[in-house]
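Letter by letter, the chains look like this.
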Amino acid sequence: MNRIKYFFFVFLRIWKYKLLSDCQRVTGKPNLYLPLLLKGKGKIQFGKNFQNGVQLAHFTYSSYNYILSLEEDSEVIIGDNVVMANGASIQAVSKVTIEDNVMIGINCFLVDTDGHDLDPEKRMTGIPKTGHITIKKNAVIYYNSVVFKGVTIGENSVIGACSVVTKDIPPNVFAAGNPARVIRNL
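Residues numbered from 1 in each chain as written. Predicted model: local features only at pLDDT ≥ 70, side-chain atom pairs only at ≥ 80, totals over all residues. Heavy atoms only, no water.

**Q** Help me out: how do you make sense of the overall build of the chain in this one?
**A** Across its full length, the chain holds one helix and 20 strands. Relative to the compact-globule value of 16 Å for 186 residues, the chain shows a C-alpha radius of gyration of 17 Å, a close match. Dimensions of the chain, computed from the C-alpha atoms along their principal axes, are close to 50 × 45 × 25 Å. The proportion of buried residues among the 186 residues of the chain is 43%. Within the chain, counting contacts between residues at least 6 apart in sequence, those at least 24 apart form 35% of the total. Of the accessible surface of the chain, which amounts to about 10,200 Å², a share of 55% is contributed by carbon and sulfur atoms. Averaging the positions of the 21 positive and the 15 negative side-chain charges in the chain gives two centres separated by 9 Å. (Helix = DSSP H or I, 4+ residues; strand = E, 2+ residues; numbered from the N terminus. Rg over C-alpha atoms; globule rule 2.2 N^0.38 Å. Buried < 20%, exposed > 50% of the residue type's maximum accessible area, 1.4 Å probe, protein only. Contact = heavy atoms within 4.5 Å. Areas by Shrake-Rupley, 256 points an atom, 1.4 Å probe, with all protein chains shown as cover. Lys, Arg positive; Asp, Glu negative; His and termini not counted. Charge placed at Lys NZ, Arg CZ, Asp CG, Glu CD.)

If you want it as structure tokens, here you go:
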């Protein structure tokens, strides 16, 4: 019965999202345990042993992961041994770098832009601000957290569940909250 469920609710959906993906500049081969949608004109690079999805986690049968590298000069660079849990999204207008051995939790969202200009007069026509995101080696970002433009999360740091990261997080700390702040050293 489990094989039948996996075939219909995971395997066929993985195949469907491969067909829906339109990013032509993808390098590396992700291990797909969940559907992955790759969109945009930019570059998406996967390191060795990238794990997309966690079969025993929430939303295995209903969610997918999403990576957008919007413009020709946009980049999403993912290092080796990275795990991106179910329902996670990465959206790059400039650049998102995820170094080796990083874990990204369920429903996390990394976005390197405001999406729209904040000035009401330019909201529909203006160019939104962007800033590179860098997640350093061995960092962990727990469930339902958001990482915004211009942020670097330091090596070995842990971001607590439901956090909103708007500023750099130093290495070797636990940070959480809205906005995220350092709670203690690790």
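Further notes follow.
**Q** Sorry, what's going on with the environment of Val10 here?
**A** Relative to the elements of secondary structure, Val10 occurs in helix H1 (residues 2-20). We classify Val10 as buried; its relative accessible area is 0%. When the C-alpha positions of Val10 and Val83 are compared, they lie 18 Å apart, and in sequence the two are 73 residues distant. Here Val10 is in contact with Lys5, Tyr33, Thr60 and Tyr61, once residues within four sequence places are set aside.

**Q** Hey, could you run me through unusual backbone geometry in this one?
**A** The peptide bond linking Asn178 to Pro179 adopts the cis configuration, its omega dihedral lying at 0°. Assignment of secondary structure puts Pro179 in the loop between strand S19 (173-177) and strand S20 (180-185). Positioned with a positive phi, Asn81 is a non-glycine residue whose angle comes to about 60°. Here Asn81 shows up in the loop between strand S7 (75-78) and strand S8 (83-84). Overall, Asn81 belongs to the partly exposed group, its relative accessible area being 36%. Unlike most non-glycine residues, Asn172 shows phi in positive territory, near 60°.

**Q** Can you help me understand H1 in this one?
**A** Helical geometry: 3.6 residues make up each α-helical turn, so side chains three or four residues apart lie on a common side. Helix length check: H1, at 19 residues, gives a terminal C-alpha distance of 26 Å against a target of 27 Å (1.5 Å per residue), a fit within 8%. Of all the bends in H1, the greatest, near 30°, is centred on Phe8. Burial in H1 covers these residues: Val10, Arg13, Ile14 and Tyr17. At its buried positions, H1 is contacted by strand S2 (31-32) and strand S3 (36-39). (Expected span 1.5 Å × (residues − 1). Bend = angle between axes of the 7 residues up to and from the residue.)

**Q** For this particular structure, what's the right way to read the nonpolar core?
**A** Generally speaking, nonpolar side chains in soluble globular proteins are found buried as a group. Within the largest apolar cluster, 33 residues are counted, with the highest numbers of intra-cluster contacts made by Ile67, Ile98 and Ile135. Contributing elements (two or more residues each) for this core: S3, strand S4 (43-46), S7, strand S9 (89-92), strand S10 (95-98), strand S13 (133-135) and S19. Look past the residues within four positions of Ile67 in its chain and what remains in contact with it is Leu36, Leu37, Leu38, Lys39, Ile44, Phe46, Val76, Ile78, Met84 and Ile90. (Core = buried A, V, L, I, M, F, W, Y, C linked by side-chain atoms within 4.5 Å.)

**Q** Before we go on, may I ask you to explain the side chain of Ser74 in this structure?
**A** As for its position among the elements, Ser74 is in the loop between strand S6 (65-69) and S7. Separated by 2.8 Å, the side chain of Ser74 and the backbone nitrogen of Glu71 make a polar contact. The residues touching Ser74, leaving out its near neighbours within four places in the chain, are Gly42, Lys43, Ser69, Ala92, Val93 and Ser94. (Polar contact = N/O pair within 3.5 Å; in protein donor to acceptor, adjacent residues only side chain to side chain.)

**Q** Explanation requested: the packing of aromatic side chains in the structure shown.
**A** Centre distance and the angle of the planes are the two values used to describe a pair of aromatic rings. For the structure shown, the criterion picks out four aromatic pairs. Three or more aromatic residues link up through ring pairs in this structure, and these residues are Phe7, Phe8 and Phe11. (Phe/Tyr/Trp six-rings, centres within 6.5 Å; stacked < 30°, edge-to-face > 60°.)

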